[in-house]
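What follows is each chain in one-letter form.
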Amino acid sequence: MELLIYSPKTSSRLDYMFAIFFKQIVQLPYQVTNDPQFFKSYLGPCINYSLEERINDHEIWIPPHTFLFEQDIRPQPLSVKDYEGMPIFFQNNHSKASCPFDLFAAGFYLLSLYENYLPGPRDVHGRFTAKQSLAYQHGFLQRPLVDEYGLYLVQQLIKKHPELAFKAPSYAYTPTYDIDVSWAYGHRPLYRQLGSILRDFWKLDLANLSRRIAVQTKQQADPFYTFPYLDQLHEQYDLKPIYFFLLADYHGLDRNIHPAHPEQQELIRSIANKYKSGIHPGILSNQQENQFSKELKRYQDLTTQVAKHSRQHYLVLQFPQTYQRLLKNGIQHDYTLGYADAVGFRASIARPFPWYDLQKESISNLMIHPFACMDGALKRSTENQKDKIYQQVVTLISATKAVNGHFYTLWHNSSFSTLENWKNWKPIYEYIIEQALP
C-alpha cells in the first residue's frame, strides 16, 4: 500500500527527508502530490504536510515549519522540549496537528549537520566538538533521534491503517580500524629511531627504552603489531571489518610509517586482500590541494584497488569542503562522522545516509557511515572505568538495535597494546563485539 504525501510546496530539503524516512529508516513506497482534490479522495495512508487543516479525514497532519523551504544557512531559534519521551523542536501551536512539531524539519537540522556550518569556536584541530552540539547540550547525543522520529511517524500511520506494510532494514554491526602507526618501534628511519632513544633518555623512561631495544633486536614482538589478534577475532565472530590506512607524508600529527617502506607496503596489501579497506587522509590533505590526490594514488598503487572508502585522520571535517573534495576524487563512502570527545550519534542517526550539501542545496552521491563509539573517546569519557565503559556501550548498542540500525565502532591497532594506558582493553573490546553481534 502506497503512502501519499500532500505538500503544496517542494524543496530539495523536503525531498531528502522523505527519502530518509521512507527509504532509509523504513522501506515504504510513497508519492508526493500538490493536488488537494486527489489527496482528499485518497483512501490509503496519507500525510498532509501543509497549513491546510484536515483535508482528508484519515490523514496525519504535520503543519510545516519554514525551515525546509529556506535557501540560506543561519542560526535557528531552537527550543527543545519533551514530547512522549522524545526531545523535539520546530514546534507548532496547532491543537489539531497529529504531532506538535515538524519532525521533517527537526530531522533535517540534525541530519544535514546544520550546526557544523554555523560560526563558532572549534577545538585545536579545527573540529566542531560534541559539547557544542544541540544533542549534547540537551542530553540526546546517545539517541538516534532521526531514526526515532521516522519510526514514530510510521507508528502514527499504522494506528490509522493497521494493514500498512513496510520493510525495515536488519540490524548490523561493522568494526572499523584506523591504522595510524603500524609499529610502535620498528621500521622507522635511523634519524627517527635515534631521536626516540634520546627522548627516552631525556625523560628517564627506561621501561620504554628497554622495550624499544628488545623490539629492534627482535627479542620481543612490536606492541602495535596486533593484526594477528584482530584476524583471530574476525574469524571467531564472523566479522567483516574495514581498515583505513594513513599514507601521508611525515608531518606534525601524521606520524605513520612511510608508505614506501617494504614492510608497510606488504602489511597494507595483505590486509586489503582479505578485508574491505580505504584511505585515511592525513592532516595536510585538508590544507594542501594536491596532498589528497597524492595519498589516494599511493593507496591505489599499493592495493591495485579503486579507493571508494575514506576516513579523515583525527576526524578533521571542514564543511562542506572535506566532503566535496572526497566526491571530486571518486570517494563514495565516508566513515569520519563521529566525535573525538564523546561517544554517541553525531548526526542523530544510526545508519548510513547520503550527505546533503547545504552549500549547493542538493543531495549528494556520498554515503556517510557514522560511528557511535571510538576507543579514545570511550576511554576519556569513562575515565577508563570498566563499569562506565560497559554501561555506555550497552546504551549505544541497545539504541541502535531498537531502530534496526547499523552499529559502527572505530578502533586503532595501537589500542590493543599495553602502551599508553591501553592495558586490559582487549577483553573490553571482546565484550563490545559480543554485545554488538546481531
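Just so we're clear, the structure is a prediction, and the values are computed from it rather than from any experiment.

Caption draft 1: Region of interest: the overall build of the protein. Across its full length, the protein holds 15 helices and 15 strands. Relative to its length of 438 residues, the protein is compact, with a C-alpha radius of gyration of 24 Å against a globular reference of 22 Å. Oriented by its inertia axes, the alpha-carbon framework of the protein measures out at about 80 × 45 × 40 Å. When burial is assessed residue by residue, the protein has 57% of its 438 residues classed as buried. Long-range pairs, those at least 24 residues apart, make up 73% of the contacts in the protein with a sequence separation of at least 6. Surface accessibility of the protein: about 19,100 Å² in total, with carbon and sulfur atoms responsible for 51%.

Caption draft 2: View of the sheet that holds strand β3 (residues 46-48). Strand order in the open sheet formed by four strands is β2-β1-β3-β4, and the pairing between neighbours is parallel. Every other strand in the sheet has two partners, leaving β2 (30-33) and β4 (60-61) as the edge strands with one partner each. Pairing of strand β1 (residues 3-6) with β3 involves three bridges; the strand directions are parallel. Bridging across to β3, Leu4 finds its partner in Cys46. Against the sheet, helix α1 (residues 12-25) touches β1, β2 and β3, its axis set at about 155° to β2.

Caption draft 3: The arrangement of the pattern of salt bridges in detail. If you walk through the whole model with that rule in mind, you get 16 salt bridges. Across the pair Asp231 and Lys274 runs a salt bridge whose closest N-O atoms are separated by 2.8 Å. Taken together, the positions of Asp231 in helix α9 (residues 227-237) and Lys274 in helix α10 (residues 262-274) put the pair 43 residues apart, joining distant regions of the chain. Of the residues examined, Lys274 reaches a relative accessible area of 47% and is grouped as partly exposed. Between Lys297 and Asp301 there is a salt bridge, with its nearest N and O atoms 2.7 Å apart. Residue Lys297 and its partner Asp301 are both found in helix α11 (residues 291-303); the two are separated by four residues, about one turn of the helix. Because the salt bridges share partners, they merge into one network encompassing Glu70, Asp72 and Arg74.

Caption draft 4: Examining the packing of helix α13 (residues 375-382) against helix α14 (residues 386-402) more closely. One way to put it is that α13 packs onto α14 with a least axis distance of 9 Å and a crossing angle of 125°. Classified by the angle their axes make, α13 and α14 are oblique. Crossing geometry of α13 relative to α14 is assigned as right-handed. Contact residues: Leu378, Ser381 and Thr382 in α13; Lys388, Ile389, Gln392 and Val393 in α14. Within the contact of α13 with α14, the residues separate by chemical class into three nonpolar, three polar and one charged.

Criteria and cut-off values
Residues numbered from 1 in each chain as written. Predicted model: local features only at pLDDT ≥ 70, side-chain atom pairs only at ≥ 80, totals over all residues. Heavy atoms only, no water. Helix = DSSP H or I, 4+ residues; strand = E, 2+ residues; numbered from the N terminus. Rg over C-alpha atoms; globule rule 2.2 N^0.38 Å. Buried < 20%, exposed > 50% of the residue type's maximum accessible area, 1.4 Å probe, protein only. Contact = heavy atoms within 4.5 Å. Areas by Shrake-Rupley, 256 points an atom, 1.4 Å probe, with all protein chains shown as cover. Pairing = 2+ DSSP bridges. Axes fitted to C-alpha atoms, helices over the stretch in contact; angles between N-to-C directions. Salt bridge = Lys/Arg side-chain N within 4 Å of Asp/Glu carboxyl O. Parallel < 35°, antiparallel > 145°, perpendicular 65-115°, else oblique. Left-handed = near helix turned anticlockwise from the far one by under 90°. Nonpolar A, V, L, I, M, F, W, Y, C, P; charged D, E, K, R; others polar.

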